[in-house]
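Listed here are the chains, written in short residue letters.
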Amino acid sequence: MMGTDEATELTQDIFVRAWQKLGTFRGESAFGTWLYRLAVNVILSRRAQLAIRRGRINEDQETLESLPARAGTSDHTLDFERAMERLPEGARVVFVLHDVEGYTHDEIAGFLEVTSGTTKAQLHRARMILRRHLETGERI
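Keep in mind that this is a model prediction, so the values were computed, not measured. (Residues numbered from 1 in each chain as written. Predicted model: local features only at pLDDT ≥ 70, side-chain atom pairs only at ≥ 80, totals over all residues. Heavy atoms only, no water.)

### Quick look at helix α2 (residues 31-56)
In this model α2 runs 38 Å from its N-terminal to its C-terminal C-alpha over 26 residues, within 8% of the 38 Å that 1.5 Å per residue would give. Inspection of α2 places W34, L35, L38, A39, V40, V42, I43, R46, Q49 and L50 among the buried residues, and these make up the whole buried set. Its buried side turned inward, α2 meets α1 (4-21) and α6 (105-112). (Helix = DSSP H or I, 4+ residues; strand = E, 2+ residues; numbered from the N terminus. Expected span 1.5 Å × (residues − 1). Buried < 20%, exposed > 50% of the residue type's maximum accessible area, 1.4 Å probe, protein only. Contact = heavy atoms within 4.5 Å.)

### Examining the nonpolar core
L87, F95, I108, A126 and L130 are the most contacted members of the largest nonpolar core, which has 13 residues in total. Residue assignment for this core shows that the elements contributing at least two residues are α4 (80-85), α5 (89-100) and α7 (116-136). By size, the runner-up hydrophobic cluster in this structure holds nine residues, among which are I14, W34, L38 and I43. (Core = buried A, V, L, I, M, F, W, Y, C linked by side-chain atoms within 4.5 Å.)

### With respect to the packing of α6 against α7
One can describe the packing of α6 onto α7 by two numbers: an axis separation of 8 Å at closest approach and a directional angle of 105 degrees. Judged by the angle between their axes, α6 and α7 are roughly perpendicular. On the side of α6, the interface is formed by H105, D106, I108 and A109, while α7 contributes S116, T119, K120 and L123. For the contact of α6 with α7, a count of residues per class yields three nonpolar, three polar and two charged. (Axes fitted to C-alpha atoms, helices over the stretch in contact; angles between N-to-C directions. Parallel < 35°, antiparallel > 145°, perpendicular 65-115°, else oblique. Nonpolar A, V, L, I, M, F, W, Y, C, P; charged D, E, K, R; others polar.)

### Digging into the layout of surface pockets
What the second largest pocket holds in volume is close to 180 Å³. Along its surface, the second largest pocket is lined by E9, D13, V16, R17, Q20, V42, S45, R46, Q49, Y103, E107 and F111. Elements supplying a minimum of two residues to the lining of the second largest pocket: α1, α2 and α6. Broken down by element, the lining of the second largest pocket gets its largest block of residues, five residues, from α1. Split into classes, the residues belonging to the lining of the second largest pocket amount to four nonpolar, three polar and five charged. (1 Å grid on protein atoms, 1.4 Å probe; cavity = no way out; pocket = protein on both sides within 12 Å on 5 of 7 lines; lining within 4 Å. Points joined across faces, edges and corners; volume = space filled by probe spheres on them.)

See the structure below:
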């Protein structure tokens, strides 16, 4: 369903999800049937995430050429990656998983073994710190 390039990583994700959800198996069907459905759900979720990422990319070269160039200022250089590296660990991890990788709060909470409320708070914290840094140039 995804191709051989993604097979190894998807297989690992499926077995991790199966381990996490093993307690929900009620025995009403064969274990193989349950595992197959879980695998299909993981794959469909991954495909949806990839579709969202692909939708953000515009490969039309004419679009890029028609955009006005931003005037460069040497005084206010922006190093977003450096700003992200300086975020507190929890806030940085949640920011990358949610805003960069596209995972949901529930998925992140499962990965990190915290509540989704915690991930939402960490994401808000990361965004506020980055916003303050970008608007004022304040060091993180």
